[in-house]
Every structure is written in structure tokens, then in C-alpha cells.
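The chain contents come next:
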Amino acid sequence: MSRPTAPLGLLIDGARSNGGAGQSDEQQGQPGDMGADMRVTEFSTEVVPAPERFALWEDTTARSHMRNRLHSKEQDDFRARMRVVDLGELQVSALAYPHLGVVRTAKMIRQSDPEVYQINYFLNGEATLSTAGGDTALQGGDLVVMDSSRPYRGDVHRHPGSWSHVTVQCPRRLLPLPEKTVQSLLAVPISGRYGMGRVLARWLTDLTAHAAEHTPADSPTLASVTVDLLASLLARHLEAEAAMDPQARRRALQLRIRDFIQQHLADPRLSPETVAAAHGISTRQLYALFRDQGVSIAAWIRERRLERCRRDLTDSSKLSRPIQAIAARWGFPDPAHFSRTFRAAYGMSPRDYRHSVVSRDRVQRWSTTAQGQSGTTTATSPEGLAPPDMRIRDQGPTVLFGDVGDGRHSVLCP
């Protein structure tokens, strides 16, 4: 069988949609559909006949990542896809395949070695990684570091209907840690379920899911944050953070603090003092970290809490919950103060905002009912029926937050 050739830029399908937060691919929190703003390539083996799919995957991944010897139990009809986010020298990609065996030999390394670290964050399934140091079992939620200059063997099984893992390919010279430090962590499972592992895991999944919200000009910043988070995770794992560049440590600490705040927004004890204490720094240092990003910590916490309130107001399962209870849940015990703060942020009162969402949902249900009727025509919902873009825009690199919608919805009228 001849080996097919195809450009890496083949699309998964002909349609693209906005990759806004709150939307998902197979499941929430996994990479979503991409737009065309970031340098993003999407690829699927299903663009060629079934017998040619595995060979196409071999050729494509050899160019997009590195050359390995591959095999699969699904080789006769290998349905796989890949999304690659190009950040210059750094590359982040999401991959999905049913089963894949990977072997990188010493001969392959001599023939071609990009001299990169490859960091894999497993989203689901199971994997076994074999190196000179022995076998390592991996599962969903684990991170693992590989070196393109070291032989390895891997076997990955994913759960159907979901992405397999997110991979970062980073030149070794970009990582601000001694090579000896990183080598001691090769093929060692690192949890992505808590601490800095969780921060990095969330960053990678958000980056691949929401790259459409950025432009190519953002690539250097996104690459820098990714490297800093990775270096901080590895350094902390070995208690070697002192080996990091001071600026890299500072940026990683900023992201770690923001993630901590996100996880404790419902805690009434959350304050600059408790945040500083949890990270072993003074409140003065904490204020300085946020001042560097052009926002006060109090304003940032308030905006995040408002965002949680807004989300609860749009949740159909919470329509019976009083607005005051939602506000108190997220740190606004005074109803009048909450109403003023919400209006200042979103341009309408919490009550009016909830009403607009309910009205929108009714129109959408009516649209669904009307679709099956004959003689229908296309129309647009009345102005103001759906809420406007309700994004609170944040400054500086951080995880991404969602929108409600664009304010208009296509409906079918009888």
C-alpha cells in the first residue's frame, strides 16, 4: 500500500464555530472548536479512505511532532484527529485516537533529534510508558515528561468519544531549569489533579480550547506562561524552585495565586491576608504581584465572584433559587450592594438579567418546536430578548472566562 500524503492543514470538517468558554467538544473542559485567529491547525484521518488512515497519521505526526514507530489495534480504520496550536518555538497540541503504540529507538534519535521535552497531560484512558528505568503506569489526570533524545516505548488506550491527551513540545534550552534536574523527572507520573499540576493542566486545556480568542501577536506571551508554569511544576516537584529564573518564578506565582482564588471564591474568609498566608508571602508582596498586572486583588476577586453570580443566574436548574441566595453564596451578603455592583459591571440589574435569559430560552424552545413545521421562514429575535456579551475583561495572562452570547439568535417563525 502506498503511503498517502496530505497537508497538515486539512480540516476536521467544513464548519468552524467560535471556541468561546462554556462550549465543549465531546465534554466540558476539553478542547473545543477553533476559529482562525490563532495559528491553529486541525487535522483528521477521515479525509482519506479507511485503509490509508493509519499511514496518513504516521506521516503527519512525524512532521508535526517527531518520528516514531507506530502501531495500533485499530490500524485497518484508524480514526484519529489532532489540533496543533503554534506558539513559535513552543507547540501545544490536542490528540485523539482509539489505541496507539509508540516506539522511539536509538537509531531514530541518531537519524533525527529535535532536542525537545515532550510533556503529555492525559485527559482520560490508560497508558504504559517504558524506558531504561522500567515501566510506568499512567491514567487520566497524570502528567509525564519525555525527552526526544531518550528511547522510550508507550502504549495508550483512550475512552471513546473524547480527547486522549494534550502535548507540549518545548525545546530543552527554553526550560529555565538545569538539564540534570529535568532528567530526574523523565517518565515520572506527576499529578494534574491538584496544586501546580492542576494549574498547568487547566492552562493547557484552556489554551487548546480557546485559542480562537487570541491573535498570533499573543503567541510569545502564551508560550512564556506555558514554560513558566511547566518549570514551576517541575521545580516544586523536586523542591528546586530556587533554580528558576526570578521572573519565571514570579509569573508562575501569579498564576498559582489566581487559581487558588478561583477555588476559594465561595469561602467568606477569602481575603488578601488569607491568600498571602496560603502562599507564604506578605500582603505587600501580594499587592505588588497584582499591581504588576494593572489590577488590584480586591477588584480581581470581586470580578470573579460577579462572574460566578452571573453564571448561576443563567443556570436553568437554579431559576428557583433567590437572587439574594446566589449573591450570598459568592460573597455578596448585602443585596443592595450586590445589585449596584452587578449593574455597574453588566449594565442591568440581576433581576433584569435573569429575566432576559429566561426570555431567550423560551424563544429557543419555541424555535425547536417550530423547526419541524412546513412553510417556515427565518427571522431574528427582537432586540433585547437575549442578553448582550457579558464578559468582564481581565488584564494579564490567566485562565479564560466565558460569555453568555452575542445578543441575537436565529429562530424559525410559523
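Residues numbered from 1 in each chain as written. Predicted model: local features only at pLDDT ≥ 70, side-chain atom pairs only at ≥ 80, totals over all residues. Heavy atoms only, no water.

This part is about the layout of surface pockets. Regions of empty space are outlined by a rolling probe, equal in size to a water molecule, passed over the atoms. Here the second largest pocket defines a volume of roughly 510 Å³. For the second largest pocket, the lining is made up of 32 residues, of which Asn68, Leu70, Leu100, Val102 and Gln118 are closest to its centre. Counting residues per element, the ones that place at least two in the lining of the second largest pocket are α1 (53–64), β2 (69–71), β5 (99–104), β6 (116–122), β7 (126–131), β9 (142–147), β10 (152–157) and β11 (165–171). Take the lining of the second largest pocket: its biggest share by element is 5 residues, from α1. (1 Å grid on protein atoms, 1.4 Å probe; cavity = no way out; pocket = protein on both sides within 12 Å on 5 of 7 lines; lining within 4 Å. Points joined across faces, edges and corners; volume = space filled by probe spheres on them. Helix = DSSP H or I, 4+ residues; strand = E, 2+ residues; numbered from the N terminus.)

Time to look at the pattern of salt bridges. If you walk through the whole model with that rule in mind, you get 13 salt bridges. A salt bridge links arginine 173 to glutamate 89; the shortest N-O distance between them is 1.9 Å. One end of the pair, arginine 173, is in the loop between β11 and α3 (179–183); the other, glutamate 89, is in the loop between β3 (81–87) and β4 (90–96), and 84 residues separate them in sequence. Residue class for arginine 173 comes out exposed when judged on its relative accessible area of 62%. Through salt bridges that share partners, Glu46, Arg53, Asp77 and Arg79 make up one connected network. (Salt bridge = Lys/Arg side-chain N within 4 Å of Asp/Glu carboxyl O. Buried < 20%, exposed > 50% of the residue type's maximum accessible area, 1.4 Å probe, protein only.)

With 42 residues, the main nonpolar core has Leu87, Leu175, Leu204, Leu229 and Leu234 as its most contacted residues. Within the residue set of this core, elements represented by two or more residues are β3, β4, β6, β9, β11, α4 (195–209) and α5 (219–237). Counting 30 residues, the second largest nonpolar core, distinct from the first, contains Leu265, Leu270, Ile301 and Phe338. (Core = buried A, V, L, I, M, F, W, Y, C linked by side-chain atoms within 4.5 Å.)

Sheet faces and side chains relate simply in a regular strand, where the side chains alternate between the two faces. Relative to strand β8 (residues 134–139), β7 is paired through 6 bridges, and the arrangement is antiparallel. Bridge pairing links threonine 128 to alanine 137 in β8. Here β7 folds back onto β8 in antiparallel fashion, the turn holding 2 residues. By the bridge criterion, 5 bridges tie β7 to β10 in an arrangement that is antiparallel. Residue pairing across strands places alanine 127 opposite valine 156, the latter belonging to β10. (Pairing = 2+ DSSP bridges.)

Here the focus is the sheet that holds strand β1 (residues 40–44). Spatial strand order, β1-β3-β4-β11-β6-β9-β12: 7 strands in an open sheet with antiparallel pairing. Since the sheet does not close on itself, it has two edges, and those belong to β1 and β12 (190–191), each with one partner. With 7 bridges connecting them, β6 and β11 associate as antiparallel partners. For glutamine 118, the partnering residue across the bridge sits in β11 and is glutamine 169. Across the sheet, α1 lies against β1, β3, β4 and β11, angled at about 15 degrees from β3, the strand it touches most. Packed onto the sheet, α4 meets β3, β4, β6, β9, β11 and β12 and runs at close to 80 degrees relative to β4. (Contact = heavy atoms within 4.5 Å. Axes fitted to C-alpha atoms, helices over the stretch in contact; angles between N-to-C directions.)

Further remarks concern the packing of aromatic side chains. Each aromatic ring pair is summarised here by two numbers: the centre-to-centre distance and the angle between the ring planes. Counting across every chain of the model gives 10 aromatic pairs. Judged by centre distance (6.0 Å) and plane angle (75 degrees), the rings of tryptophan 57 and tyrosine 97 are edge-to-face. Linking tryptophan 57 in helix α1 with tyrosine 97 in the loop between β4 and β5, this pair joins segments that are 40 residues apart in sequence. The exposure class assigned to tryptophan 57 is buried, which follows from its relative accessible area of 1%. Look at tyrosine 97 and you get buried, because its relative accessible area is 4%. Linked through ring pairs, Phe43, Phe54, Trp57, Phe78 and Tyr97 together constitute an aromatic cluster. (Phe/Tyr/Trp six-rings, centres within 6.5 Å; stacked < 30°, edge-to-face > 60°.)

Next up on the list: the side chain of aspartate 147. Note on placement: aspartate 147 falls in strand β9. A polar contact of 2.9 Å, which involves the side chain of aspartate 147, links it to the backbone nitrogen of serine 149. A polar contact of 2.7 Å, which involves the side chain of aspartate 147, links it to the side chain of arginine 172. Ignoring any residue separated from it by four or fewer positions in sequence, one finds aspartate 147 in contact with Val116, Tyr117, Tyr152, Arg172, Gln183 and Leu186. (Polar contact = N/O pair within 3.5 Å; in protein donor to acceptor, adjacent residues only side chain to side chain.)

A positive phi angle, near 55 degrees, is found at glutamate 115, a position not held by glycine. Locating glutamate 115 in the fold gives a position in the loop between α2 (106–111) and β6. Look at glutamate 115 and you get partly exposed, because its relative accessible area is 45%. The residue alanine 187 is not glycine, and still its phi comes out positive at about 65 degrees. Within the fold, alanine 187 resides in the loop between α3 and β12.

The next thing to look at is the pairing of β6. A large share of β6 lies buried, amounting to 7 of its 7 residues. Along β6, one buried face is formed by Val116, Gln118, Asn120 and Phe122 and the opposite face, lined by Tyr117, Ile119 and Tyr121, is buried too. Direction of pairing for β6 relative to β9: antiparallel, over a ladder of 5 bridges. When the bridges of β9 are listed, tyrosine 121 appears paired with leucine 143.

Bringing the environment of leucine 230 into the picture now. With respect to the helices, strands and loops of the structure, leucine 230 is situated in helix α5. Sequence separation between leucine 230 and valine 199 is 31 residues, and the spatial gap between their C-alpha atoms is 9.6 Å. Look past the residues within four positions of leucine 230 in its chain and what remains in contact with it is Ile119, Leu175 and Leu200.

On to the packing of helix α6 (residues 246–263) against helix α9 (residues 297–314), then. With their axes 10 Å apart at the nearest point, α6 and α9 run at an angle of 45 degrees to one another. Judged on the interaxial angle alone, α9 and α6 are oblique. For the element pair α6 and α9, the recorded crossing hand is right-handed. Listed contacts from α9 to Arg258, Ile261 and Gln262 of α6 are Ile297, Trp300, Ile301, Arg304 and Arg308. The class makeup of the residues in the contact of α6 with α9 is 4 nonpolar, 1 polar and 3 charged. (Parallel < 35°, antiparallel > 145°, perpendicular 65-115°, else oblique. Left-handed = near helix turned anticlockwise from the far one by under 90°. Nonpolar A, V, L, I, M, F, W, Y, C, P; charged D, E, K, R; others polar.)

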